[in-house]
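So the chains spell out like this:
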Amino acid sequence: ELARIKGVGPKLVARLGELGVTSLAQVAAWDDAEIERIDGELGRFAGRIRQDDWVGQARLLIAGDEAAFEARYGRL
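Before going into details, it helps to say that this report is about the structure given with it. Computed from a prediction, not measured in an experiment: that's the story for all the values here.

### Re the pattern of salt bridges
Scanning the entire structure with this criterion turns up six salt bridges. With a shortest N-O distance of 3.3 Å, Glu 41 and Arg 15 are connected by a salt bridge. With a gap of 26 residues between them, Glu 41 in the loop between α3 (32-39) and α4 (48-51) and Arg 15 in helix α1 (residues 10-18) connect regions that are remote in the sequence. A salt bridge links Glu 36 to Arg 50; its shortest N-O distance comes to 2.5 Å. Pair noted here: Glu 36 is in helix α3 and Arg 50 is in helix α4, with a separation of 14 residues, a long-range link. One salt-bridge network, in which partners are shared between bridges, spans Arg 15, Glu 18 and Glu 41.

### Here we look at the environment of Val 55
With respect to the helices and strands, the residue Val 55 is situated in helix α5 (residues 54-63). C-alpha separation for the pair Val 55 and Gln 26, spaced 29 residues apart in sequence, amounts to 9.1 Å. Look past the residues within four positions of Val 55 in its chain and what remains in contact with it is Val 27, Ala 28, Trp 30 and Ile 35.

### Quick word on the nonpolar core
The biggest cluster of nonpolar side chains holds 22 residues, and the ones touching the most others in it are Ile 5, Leu 16, Val 27, Trp 30, Leu 42 and Trp 54. Where this core is concerned, the elements lending two or more residues are α1, α2 (24-28), α3, α5 and α6 (66-73). Setting aside residues no more than four positions away along its own chain, Trp 30 makes contact with Leu 16, Val 21, Ile 35, Ile 38, Ile 49, Trp 54, Val 55 and Arg 59.

Criteria and cut-off values
Residues numbered from 1 in each chain as written. Predicted model: local features only at pLDDT ≥ 70, side-chain atom pairs only at ≥ 80, totals over all residues. Heavy atoms only, no water. Salt bridge = Lys/Arg side-chain N within 4 Å of Asp/Glu carboxyl O. Helix = DSSP H or I, 4+ residues; strand = E, 2+ residues; numbered from the N terminus. Contact = heavy atoms within 4.5 Å. Core = buried A, V, L, I, M, F, W, Y, C linked by side-chain atoms within 4.5 Å. Buried < 20%, exposed > 50% of the residue type's maximum accessible area, 1.4 Å probe, protein only.

So this is what it looks like as structure tokens:
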């Protein structure tokens, strides 16, 4: 499920799983503090959460708004 977020590949899915993050709903609910906490655990992937707007992507994916997702982030 997390791999649907653009910029999240198998290595990040595995690392997020180690951190207890397994669903789009979790990512969609992140606030600034949670983003900072998780980002601090991503090693060489630090900064990607905001750079790729994981929270925004997750919210649109959960809503099923494919048109808005594709307009903002490109094809699914």
